[in-house]
Amino acid sequence: MLVKLAQRLGRHQWFARTMRVILPPLDIRVARLTKGKVIALGILPSLVLTTTGRKSGEPRRQPLIYVPDGDGYVVIGSNWGQPNHPAWSGNLLADPAASVLLKGQEIPVRAELAEGPERERLWELLLLTWPAYSAYAERSGRRLRIFKLNPTR
């Protein structure tokens with residue numbers, strides 16, 4: 001029931017504006033406290049992505065909704081429907097080596113930007129989990145970047 005409510009509210013701009021300020025810091029804290037076992041308050045399938053900052057070279061952590069696909073993870077640079085791409089997606093383009101914290105495990109991954117028919121297939125998978133991505137894409141006025149994160153070990 002909570003998932004359905006979140007999915008319904010997720011389409012509204014006020015929800016995206018509010019949650020993009022509140023959720024990421026809260027998710028990072030909860031993930032640290034639970035050693036990655038609880039992210040996004042356990043409501044949606046989520047992970048913490050760690051990239052290398054393309055300007056700073058420092059680790060950058062971002063909680064994200066994900067969709068499993070085979071042995072990999074699919075994430076999208078929706079940035080809650082903002083007009084600019086999220087920084088983490090630019091970091092992955094500059095250096096695709098990253099890691100995900102998921103269910104208490106740190107997993108090294110390599111990011112691959114999805115294109116063509118593969119992108120369309122992954123887009124449909126993402127919409128099943130978070131239908132608001134279609135509203136985010138429309139509101140942002142840009143093509144949202146979709147990445148497949150493939151484990152490297």
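What counts, and where the lines are drawn
- Residue positions are given per chain, counting from 1 as you read along its sequence in written order.
- It should be noted that, the model being predicted, local features are given only for residues of pLDDT at least 70 and side-chain atom pairs only at 80 or more, the latter also being counted only at that level, while totals for whole chains, interfaces and linings use all residues.
- Values reported for side chains reflect all heavy atoms of the structure, with hydrogen atoms and water molecules removed beforehand.
- Here, any two strands with at least 2 DSSP bridges between them count as paired.
- Only DSSP runs of H or I reaching four residues or more are called helices, and only runs of E reaching two or more are called strands; each is numbered from the N terminus.
- Axis lines are fitted to C-alpha atoms, over the contacting stretch for helices. Their N-to-C directions set the angle, which ranges from 0 to 180 degrees.
- For this analysis, a salt bridge means a side-chain nitrogen from Lys or Arg found within 4 Å of a carboxyl oxygen belonging to Asp or Glu.
- Categorising residues by exposure relies on relative accessible area from a 1.4 Å probe, with only protein chains included: less than 20% of the type maximum marks a residue as buried, more than 50% marks it as exposed, and the intermediate range marks it as partly exposed.
- Residue contacts are counted whenever heavy atoms from the two residues lie within 4.5 Å of one another.
- Each residue gets one of three labels, nonpolar for Ala, Val, Leu, Ile, Met, Phe, Trp, Tyr, Cys and Pro, charged for Asp, Glu, Lys and Arg, and polar for the others, Gly among them.

The next thing to look at is the sheet that holds strand S1 (residues 46–52). Taken together, seven strands build an open sheet; the order of strands is S2-S1-S5-S6-S7-S4-S3 and the sheet is antiparallel. Whereas interior strands pair on both sides, the edge strands pair on one side only; in this sheet they are strand S2 (59–65) and strand S3 (67–69). Here the average twist between neighbouring strands, direction ignored, is 35 degrees. The pairing of strand S4 (residues 72–77) with strand S7 (residues 145–151) spans five bridges and is classified as antiparallel. Bridged to Val74 within S7 is Lys148.

By the definition in use, this model includes five salt bridges. When the shortest N-O distance is used, the salt bridge between Asp69 and Lys148 registers 3.0 Å. Remark: Lys148 occurs in strand S7 and Asp69 occurs in strand S3; sequence separation between them is 79 residues. With its nearest N and O atoms 2.9 Å apart, the salt bridge here joins Glu118 to Arg121. Within this pair, Glu118 and its partner Arg121 are both found in helix H4 (residues 116–129), separated by three residues, close to a single helical turn.

At Asn79, a residue that is not glycine, the phi angle is positive and equals roughly 50 degrees. Tracing the backbone through its elements, the reader meets Asn79 in the loop between S4 and helix H3 (87–94). Judged by relative accessible area, Asn79 falls into the buried class, the value being 19%. Backbone geometry at Lys103 places phi at a positive 50 degrees, although glycine is not the residue there.

So, on to the pairing of strand S5 (residues 97–102). In terms of burial, S5 is a largely internal element, five of the six residues being buried. With three bridges connecting them, S1 and S5 associate as antiparallel partners. Each bridged residue has a counterpart across the sheet, and for Thr50 the counterpart in S5 is Ser99. Sheet analysis places S5 next to strand S6 (residues 105–113), joined by six bridges and oriented antiparallel. Bridge assignment links Leu101 to a residue of S6, and that residue is Glu106. Hairpin connection from S5 to S6: two residues lie between these consecutive antiparallel strands, with Lys103 at a positive phi of about 50 degrees.

For any two helices packed against each other, the geometry is given by the interaxial angle and the distance between the axes. It is the contact of H4 with helix H5 (residues 133–140), at a shortest axis distance of 9 Å, that shows an interaxial angle of 115 degrees. Residue-level contacts link Trp123, Leu126 and Leu127 of H4 to Tyr133, Ser134 and Ala137 of H5. Its residues placed into classes, the contact of H4 with H5 shows five nonpolar, one polar and no charged.

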